[in-house]
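Architecture at a glance
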Amino acid sequence: MEVQTILQFKSGYMRRITDDTGIFQHTKFGVPDRSKGYTTDDNARALIAAVLLYNSKRKAAVLDLIHTYVSFIHHAQNAAGNFRNFMDYSRSFVEESGSEDCQGRTLWALGFTLAHSASLPDNLLNTCRYLINQALPHIEALGSPRASAYAIIGLSCLIETPKALTYSFPYPHTPTTEEEAAFLPRAFILELIENMAARLHDQYNRNKGNGWNWFEDSLTYGNAMLPWALLKAFRISNNNNLKETAKESLDFLASRTFSKEGYYKPIGSHGWLLRGGESAPYDEQPIEACEMLLACKEAAIILQDPAYLKQAALCYDWYLGHNSLNTSLIDPQTGACYDGIHRTGLNLNQGSESIISFSIAHLVMHHE
């Protein structure tokens, strides 16, 4: 089928569902649902989208969004250095520490921001460095493979961009203790990446077999992050075992998520895919298309295989209507993204995770 290209990417919806605290987690159709409050997960992902958008447009309103999202993350960090996740509308966090995935996702966002910082103010970047430094002592203890993958990707961004590691001030002076904490220890970060990547690689080798080339006995959410993290770790370490595992697992994931009809179909969140079983057909989530797109883009570069670019394009086209429903998930009036495909059609709510996912996918594919 032919996919109709969106002529103009509309960036205003993300601003519309962000207030002076952060981006709202959910909406009722297109109106923020205040009863559901905010999450650090969404504000971290929104930070990535806003940085991409600012690098392409350099608009003051987008820079304001970046400050809002970084400020939310700063407020989310507790005294121990972990990040809390769920905040209600009264601006009160409802937990002492968020999930391991929240820790990893936040590291990804902060590392990404520092690696794409050419046009951002130094004081904002120093805040990101400070937040990472406070969180680093807890990262190696992450047990969730996805949390580790998110963290590997964020920390790899720092190693690939050496200037991201060092704080910057506009005039010579002796740094205070807090300013010293904005310096990121390269050797320690390299060791973290190496150790976490080795654990992922070992978990894969223990679990694969009989045609099941995966890290666990199920394909659930955020699957593409696992091979993507190993690709990033290989890029730093040149450990060919990591590259081979990344390719094998990504190709396995692709075999389960690109249909015979030639479109992308993510694993359904209502049942997932258990080893030896069939994929749950619904709900298809926008975040899965975004993360698979990012993994395929990385694979095309590292593995030097343009076939992965075609897969990335199919992930992007999923939003535009090249999907199991043959219907665009993008609201032509507002530019918002619907919350997914379920058994009876589109989920007509337009929450933050969805518009963030589409925004990242669009900006990465089109470099606007």
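Let me sum up the structure you'll find in this document. The structure presented is a predicted model; accordingly, all values stated were derived computationally and were not measured. (Residues numbered from 1 in each chain as written. Predicted model: local features only at pLDDT ≥ 70, side-chain atom pairs only at ≥ 80, totals over all residues. Heavy atoms only, no water.)

**A closer look at the overall build of the protein**
Defined as follows: We count a stretch as a helix when DSSP gives it H or I for four or more residues in a row; a strand needs E for two or more, and each element gets its number in order from the N terminus. Each radius of gyration is computed over the set of C-alpha atoms, and the globule rule expresses the reference value as 2.2 Å times the number of residues to the power 0.38. Only protein chains enter the calculation, and the probe is 1.4 Å; a residue is then buried if its accessible area is under 20% of its type maximum, exposed if over 50%, and partly exposed in between. Two residues qualify as a contact provided that any one of their heavy atoms is within 4.5 Å of a heavy atom in the partner residue. Just so you know, the count uses Lys and Arg for positive and Asp and Glu for negative, and it drops His and the chain ends. A charged residue contributes its charge at one atom only: NZ of Lys, CZ of Arg, CG of Asp or CD of Glu.
Each helix and strand counted, the protein has 13 helices and eight strands in total. Taking 368 residues into account, the globule formula puts the C-alpha radius of gyration at 21 Å, and the protein, at 20 Å, falls close to it. Dimensions of the protein, computed from the C-alpha atoms along their principal axes, are close to 60 × 45 × 35 Å. Of all 368 residues assigned to the protein, the portion counted as buried reaches 56%. Of the contacts formed within the protein by residues at least 6 apart in sequence, a portion of 64% connects residues at least 24 apart. Between the centroid of the 31 positive side chains of the protein and the centroid of its 39 negative side chains there is a distance of 4 Å.

**Topic: a positive patch on the surface**
Put simply, the rule is: What makes a patch is a set of residues exposed beyond 30% relative accessible area and free of salt bridges, joined within 9 Å when like-charged and within 5 Å when nonpolar (Val, Leu, Ile, Met, Phe, Trp, Tyr). Methods summary: accessible areas were calculated by the Shrake-Rupley approach with a probe of 1.4 Å, and residue burial reflects only the protein chains presented. Here, a salt bridge means any Lys or Arg side-chain nitrogen found within 4 Å of an Asp or Glu carboxyl oxygen.
A surface patch of like charges, here positive, comprises Arg15, Arg16, Lys57 and Lys59. Summarising the element assignment, Arg16 is placed in helix H1 (residues 12-16).

**Describing the pattern of salt bridges**
Opposite charge on two side chains allows them to pair when their charged atoms are near. Inspection of every chain in the model, using the stated rule, returns 14 salt bridges. One salt bridge connects Glu216 with Arg146, and the closest N-O pair in it is separated by 2.9 Å. One end of the pair, Glu216, is in the loop between helix H8 (186-207) and strand E5 (218-219); the other, Arg146, is in helix H6 (residues 145-160), and 70 residues separate them in sequence. Both residues of the pair, Glu216 and Arg146, belong to the buried class. Lys232 serves as the salt-bridge partner of Glu160, at 3.0 Å between the closest nitrogen and oxygen. In this pair, Glu160 is assigned in helix H6 and Lys232 in helix H9 (residues 225-237), connecting sequence segments 72 residues apart.

**What to know about the side chain of Ser148**
Of note, Ser148 is situated in helix H6. With sequence-adjacent residues up to four places away left out, Ser148 is seen in contact with Leu142, Met196 and Arg199.

**Looking at the environment of Ile23**
Tracing the sequence through the fold places Ile23 in the loop between H1 and strand E1 (27-28). According to the relative accessible area criterion, Ile23 is buried, its value standing at 0%. Placed 142 residues apart in sequence, Ile23 and Leu165 show a C-alpha to C-alpha distance of 28 Å. Residues contacting Ile23, with those up to four places away along its chain left out, are Met14, Ile17, Thr18, Tyr38, Asp42, Asn43, Ala46, Tyr69, Ser352 and Ile356.

**Considerations on the packing of aromatic side chains**
Stated formally: Pairing of aromatic rings covers Phe, Tyr and Trp, the last counted by its six-membered ring, and requires centre-to-centre distances within 6.5 Å; plane angles under 30 degrees mean stacked, over 60 mean edge-to-face, and any other angle means tilted. For a lysine, the NZ atom is tested; for an arginine, the CZ atom; a charge sits over a ring if that atom is within 6 Å of the ring centre and within 35 degrees of the ring normal.
Here the structure, examined in full by the defined rule, presents 17 aromatic pairs. Both rings, one in Phe72 and one in Phe93, keep their centres 5.9 Å apart while their planes meet at 65°; by these two values the pair is edge-to-face. Highlighted residues: Phe72 in helix H3 (residues 60-76) and Phe93 in the loop between strand E4 (86-87) and helix H4 (100-115), separated in sequence by 21 residues. The pair formed by Phe72 and Phe93 is uniform in burial state, with each residue classed as buried. For the ring pair Trp318 and Tyr319, a centre distance of 5.2 Å and an interplane angle of 80° mean the geometry is edge-to-face. On the basis of relative accessible area, Tyr319 is assigned to the buried category, the value being 0%. Looking at Arg146, its charged tip hangs above the ring of Tyr221, at a distance of 4.9 Å from the centre.

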